[in-house]
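Inside the fold
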Amino acid sequence: MYDILEIIEKKCSGNELTKAEIEFAVMGYVNDEIPDYQMSSLLMAIKLKGMTDKEVIDLTDVMLHSGDVLELGFDSVDKHSTGGVGDKTTIVLAPLVGALGVKVAKMSGRGLGHTGGTIDKLESISGFETSMSLEDLKDQVSEIGVALVGQMGNLCPADKKIYALRDVSGTVGSIPLIASSIMSKKLASGASKIVIDLKVGNGALMTNIEDARELARLMVKIGNLFGRKTICVLTNMNEPLGFAVGNSLEVLESIETLKGNGPSDLNDLVINLGSLMLSLDKNMETLEAIEYVENALKNNSGYEKLLEVVKYQHGDIDKISVSNNTKEIVSPKSGYIKSINALKIGELARKLGAGRKTKDDVIDPGVGFVLHKKVSDKVEAGESLATVYYNDKIIPEADVLDCFEFSNMEVSKPTLIYEIIK
Ligand code: URA
């Protein structure tokens, strides 16, 4: 028999936990035999002392088998983002590649830390149901190729519980915990191939390229070890993705992107990730895949697929409500936008009610920001930098202005895709 205090002490001393010890802690927590405060303590020890590759693989395996492991019965490609500010990629990408015949049974998460969650965003579509039975999920993907749901049924209950605890215990930013959290869900949800959008920058969980490379290495190693071809794409998250930040606002921007009117960074990202998904699925050259994805954006077939998905999941695409209270944030000077701090924008969006501070907080879908400028854009004094959409929670204008840095000199466009790790 194991003792949770000894396991915590062992990790605090920087020693390698055995698979049996990891299983005791994780399953004890899932079964309510280990309380939140002891699990938080272990998570903090892991965050501070790290884990060996063997521990991370064991932790992934334990979480993966903490509940059902889905057999879809067909080939499918999954996409995951490590989370960023304004990251609505899944809402665009899944229907886009779905329109090209790639099957996507996408299980997404809720907001974590200052980053939004796809499920919270989708729920801003009136009536949209993000939970369903595994049987219904399989039926939907067999019939229309795409489903967008939350973590469902008894899939990875360990990650579900631990993820919520990490969000409120300062233990989100740990490479072993992120790698095992993402990969256990990806492996349990039955996809045959996996593309991971690993965000890097001040608005991401990974703030520097070295940590991002290490996380990518671990996830590719885990994926391949469990027999799933896995690719990690390291992408820029130093400014919010696209213009919209906030649940309804991001869904509206996703719709515009699928209609071919998206912001250029979001557009480029979905073309890059989409072509990787398509080439993995169809064994196609990436250049050929890019052409297909670009066409699906031009001819609205991705948008048509989104409409199909929303209808199938009982949502009403015409009912996405945005707050009527708005405030323009105007530029105090002329020049060029040097930076837009994604982390600060994410935190402010959370303060407006777009995200949670505690796990029981209720999201306000209608609040957030629409930026009018991106890094490298020219701006005149008095021009609007952003519109704030708010309801009952107010944020000082100065805090929003504080997110922007200006330069008198021209600023070059930031790199969007840093590296692809296979
Ligand atoms: N996304 C996840 O699914 N898990 C994490 O730990 C972080 C981001």
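Residues numbered from 1 in each chain as written. Predicted model: local features only at pLDDT ≥ 70, side-chain atom pairs only at ≥ 80, totals over all residues. Heavy atoms only, no water.

Let's talk about unusual backbone geometry
In this structure, D32 is a non-glycine residue whose phi angle is positive, near 65°. Within the element layout of this structure, D32 appears in the loop between α2 (19-30) and α3 (36-49). Judged by relative accessible area, D32 falls into the exposed class, the value being 62%. (Helix = DSSP H or I, 4+ residues; strand = E, 2+ residues; numbered from the N terminus. Buried < 20%, exposed > 50% of the residue type's maximum accessible area, 1.4 Å probe, protein only.)

A closer look at the packing of helix α9 (residues 175-188) against helix α10 (residues 209-225)
Relative placement of two packed helices is described by the angle separating their axes and the distance separating the axes. Running from N to C, α9 and α10 cross one another at 35°; their axes reach a closest spacing of 10 Å. Note on packing geometry: the crossing formed by α9 with α10 is right-handed. For the pair α9 and α10, the contacting residues are I175, I178, A179, I182, M183 and L187 in the first and D211, E214, L215, L218, M219, I222 and G223 in the second. Taken together, the residues of the contact of α9 with α10 sort by class into 10 nonpolar, one polar and two charged. (Axes fitted to C-alpha atoms, helices over the stretch in contact; angles between N-to-C directions. Left-handed = near helix turned anticlockwise from the far one by under 90°. Contact = heavy atoms within 4.5 Å. Nonpolar A, V, L, I, M, F, W, Y, C, P; charged D, E, K, R; others polar.)

Some thoughts on the pairing of strand β8 (residues 335-340)
Successive side chains on a regular strand alternate, one facing one side of the sheet and the next facing the other. By the bridge criterion, two bridges tie β8 to strand β10 (residues 378-379) in an arrangement that is antiparallel. Bridge pairing links G335 to V379 in β10. Examined bridge by bridge, β8 and strand β12 (residues 404-407) share four bridges and lie antiparallel to one another. If you follow I340 over to β12, its bridge partner there is F404. (Pairing = 2+ DSSP bridges.)

Examining the site of the ligand
Around the ligand, the surrounding shell holds 10 residues, and the nearest of these are Y163, R166, S181, K185 and L205. Here an oxygen atom of the ligand and a side-chain polar atom of H80 are 3.4 Å apart. Side-chain polar atom of K185 to an oxygen atom of the ligand: 2.6 Å apart, as the coordinates give it. In isolation the ligand exposes 230 Å². Once the protein is present, 97% of that is buried. Mapped onto the shell around the ligand, the elements with two or more residues apiece are α8 (157-167) and α9. (Near = heavy atom within 4 Å. Polar contact = N/O pair within 3.5 Å; in protein donor to acceptor, adjacent residues only side chain to side chain. Areas by Shrake-Rupley, 256 points an atom, 1.4 Å probe, with all protein chains shown as cover.)

Remarks on a negative patch on the surface
On the surface, a cluster of negative charge is made up of D268, E285, E288, E291 and E294. Tallying contributions element by element places helix α13 (residues 286-298) first for the negative patch, with three residues. Topologically, E294 is positioned in helix α13. On the accessibility criterion, E294 (33% relative accessible area) is partly exposed. (Patch = residues over 30% accessible without salt bridge, like charges linked within 9 Å, V, L, I, M, F, W, Y side chains within 5 Å. Salt bridge = Lys/Arg side-chain N within 4 Å of Asp/Glu carboxyl O. Lys, Arg positive; Asp, Glu negative; His and termini not counted. Charge placed at Lys NZ, Arg CZ, Asp CG, Glu CD.)

Looking at the packing of aromatic side chains
Under the counting rule described, the total for this entry stands at one aromatic pair. Plain terms: the ring middles of Y2 and F24 are 5.8 Å apart, the flat faces sit at 50° to each other, and that makes the pair tilted. Of this pair, Y2 sits in the segment before α1 (4-12) while F24 sits in helix α2, and the two are 22 residues apart along the sequence. With relative accessibility at 22%, the residue F24 sits in the partly exposed group. Directly above the aromatic system of Y29 lies the positively charged group of K161, at a separation of 4.3 Å from the ring centroid. (Phe/Tyr/Trp six-rings, centres within 6.5 Å; stacked < 30°, edge-to-face > 60°. Lys NZ or Arg CZ within 6 Å of the ring centre and 35° of its normal.)

Here we look at the sheet that holds strand β11 (residues 384-390)
If you trace the four strands from one edge of the open sheet to the other, you get β6-β9-β11-β7, paired in antiparallel fashion. Looking along the sheet, the strands with just one partner apiece sit at the ends: β6 (244-245) and β7 (325-330). As judged from the six bridges shared by β7 and β11, these two strands associate in the antiparallel manner. Within β11, the position partnered with I329 by the bridge is A386.

Some thoughts on the side chain of Q140
When you line up the elements, Q140 lands in helix α7 (residues 134-144). Relative accessible area serves as the criterion here: at 1%, Q140 is assigned to the buried category.

Points about the pairing of strand β2 (residues 104-108)
Counted residue by residue, β2 has five buried out of five residues, so it is predominantly covered. Residues V104, K106 and S108 of β2 are buried on one face, and the alternating residues A105 and M107, pointing to the opposite face, are buried as well. Relative to strand β3 (residues 146-150), β2 is paired through five bridges, and the arrangement is parallel. Paired with M107 across the bridge in β3 is V149.

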